[in-house]
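Structural overview for review
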Amino acid sequence: MTDSASAGGSERYETIEVERAVPVALVRLNRPQALNALSTQLMEELLDALRRLDRDEEVRAVVLTGNGRAFAAGADIREMAERSAVEMELEDRFATWDAIRSIKKPLIAAVNGYALGGGCELAMMCDIIIAAETATFGQPEIAIGVIPGAGGTQRLTRAVGKSAAMEMILTGDPISARRALELGLVSRVVAPEVLLDEALRLARRIAERPPVAVRLAKDAVNRAFETTLSEGLAYERRNFYLLFATEDQKEGMRAFMEKRPPQFRGR
Ligand code: DAK
């Protein structure tokens, strides 16, 4: 089922498209003439859509992709070019970006083309990245006189290690999807024509799993980037115990013992 209207109204957005195909949803960045440059409006619309989908009980995973030949070629350079440091600091556009971290449901980036600068950073804010063979990843900010500002120096370094991150960030040169796979930045590379099918298939597979456990698993994995091993293990354990308070845990374990498929209800 595809139902854009009940996604909260794809028609209300000018720079993204939302397709609700329960139990998953597909969000497309839609400024192809600017290679989906991440303008303030686009980021605000994206956050609004993701928050609505996060609250939508029927949607259990979200795929994010780009229309045209880019996932996103970065933040909108035209919008930033003449800003002063004080204007940038006062506007605090990072608040929108930071808020994406609070989305609880799994986000899968289906990277169809350029994922550069903020585009690469946005992909890295997702939980899983799948790339088309034709995709390229890079942090080219150095070439325009700045550095990554939406997490690139931190998330890329954690994803690919210091040496490869330094190469990419100090040269600004992009890497291919194959290289991104070798480095562990993405989990799969597929032919461009099957990218969306693969991403949606993965989203549907996750959507079969008990939703509360999926959310708490995402939460625990993300904690690994924030804390020490012993604190992370304690955090994992609390989430593990918490799941014994869900009906889905009882259902999952009983279904196993009764040799039948489980019926998860997100409770
Ligand atoms: N911003 C604005 N427009 C862009 C753009 C961008 N990042 N990237 C491409 N475009 C536009 C081009 O200007 C062009 O527009 P027209 O001239 O047709 O009007 C159109 O998209 C097609 O691009 P090209 O003609 O350049 O296409 P090519 O195939 O020749 O080249 C390219 C493709 C991806 C190699 C090239 O477009 C390119 O180098 N783009 C810029 C890549 C880049 O430097 N990205 C990093 C931007 S800095 C922040 C959060 C995040 C960030 C900053 C602040 N806050 C919350 C405050 C992140 C910063 C960045 O990402």
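Please refer to the structure placed before this passage.
From a predicted model like this one, the values you see are computed outputs, not experimental measurements.

**What to know about the layout of surface pockets**
Reported here for the largest pocket is a volume of approximately 1200 Å³. Contributing to the lining of the largest pocket are 40 residues, with Met-124, Asp-127, Arg-155, Asn-222 and Phe-225 lying nearest its centre. Within the residue set of the lining of the largest pocket, elements represented by two or more residues are helix H4 (94-100), helix H5 (118-125), strand S7 (128-132), helix H6 (152-160) and helix H10 (211-223). Residues belonging to the lining of the largest pocket are distributed by class as follows: 22 nonpolar, seven polar and 11 charged.

**Topic: the sheet that holds strand S6 (residues 114-116)**
In any sheet, the strands associate via hydrogen bonds between backbone groups, in a parallel or an antiparallel arrangement. The four strands lie next to each other as S4-S6-S8-S9, forming an open sheet whose pairing is mixed. The two strands at the open ends of the sheet, each matched to only one other strand, are strand S4 (70-72) and strand S9 (175-176). Across two bridges, the pairing between S4 and S6 is parallel. From the neighbouring strand, Ala-72 faces S6, where its bridge partner is Ala-115. Each of S4, S6 and strand S8 (136-138) touches H5; the most contacted strand, S6, lies at about 95° to it.

**Considering the packing of H6 against helix H7 (residues 162-171)**
Packed helix pairs are characterised by how far apart their axes lie and by the angle those axes make with each other. At their nearest, the axes of H6 and H7 sit 7 Å apart, and the two run at 140° to each other. Classed by the angle they form, the pair H6 and H7 counts as oblique. In the packing of H6 onto H7, the handedness of the crossing is right-handed. Contacts from Gly-152, Thr-153, Leu-156, Thr-157 and Val-160 in H6 reach Lys-162, Ala-164, Ala-165, Met-168 and Ile-169 in H7. Partitioning the contact of H6 with H7 into residue classes produces six nonpolar, three polar and one charged.

**Some words on the site of the ligand**
Taken together, 25 residues lie around the ligand, and Arg-69, Ala-73, Ala-75, Arg-78 and Gly-118 are the ones closest in. Note that an oxygen atom of the ligand is positioned 2.8 Å from one of the side-chain N or O atoms of Arg-69. Protein burial of the ligand: of its 1100 Å² of free accessible surface, 68% is covered by the chains. When residues of the shell around the ligand are traced back to their parent elements, those giving at least two are helix H2 (77-80), H4, S6 and H5. Per-element accounting of the shell around the ligand gives the leading share, three residues, to H2.

**Some points on unusual backbone geometry**
Between Val-22 and Pro-23 the backbone carries a cis peptide bond, its omega angle lying at 15°. A positive phi angle, near 45°, is found at Asp-92, a position not held by glycine. If you trace the backbone, Asp-92 turns up in the loop between helix H3 (85-91) and H4. Unlike most non-glycine residues, Lys-259 shows phi in positive territory, near 55°.

**Details of the environment of Leu-216**
Checked against the element boundaries, Leu-216 lands in helix H10. Residues Leu-216 and Asn-239 lie 23 residues apart in sequence; the distance between their C-alpha atoms is 6.1 Å. Filtering out sequence-adjacent residues up to four positions away, Leu-216 remains in contact with Asn-239, Leu-242 and Leu-243.

Reading the values: the criteria
- Residues numbered from 1 in each chain as written.
- Predicted model: local features only at pLDDT ≥ 70, side-chain atom pairs only at ≥ 80, totals over all residues.
- Heavy atoms only, no water.
- 1 Å grid on protein atoms, 1.4 Å probe; cavity = no way out; pocket = protein on both sides within 12 Å on 5 of 7 lines; lining within 4 Å.
- Points joined across faces, edges and corners; volume = space filled by probe spheres on them.
- Helix = DSSP H or I, 4+ residues; strand = E, 2+ residues; numbered from the N terminus.
- Nonpolar A, V, L, I, M, F, W, Y, C, P; charged D, E, K, R; others polar.
- Pairing = 2+ DSSP bridges.
- Contact = heavy atoms within 4.5 Å.
- Axes fitted to C-alpha atoms, helices over the stretch in contact; angles between N-to-C directions.
- Parallel < 35°, antiparallel > 145°, perpendicular 65-115°, else oblique.
- Left-handed = near helix turned anticlockwise from the far one by under 90°.
- Near = heavy atom within 4 Å.
- Polar contact = N/O pair within 3.5 Å; in protein donor to acceptor, adjacent residues only side chain to side chain.
- Areas by Shrake-Rupley, 256 points an atom, 1.4 Å probe, with all protein chains shown as cover.

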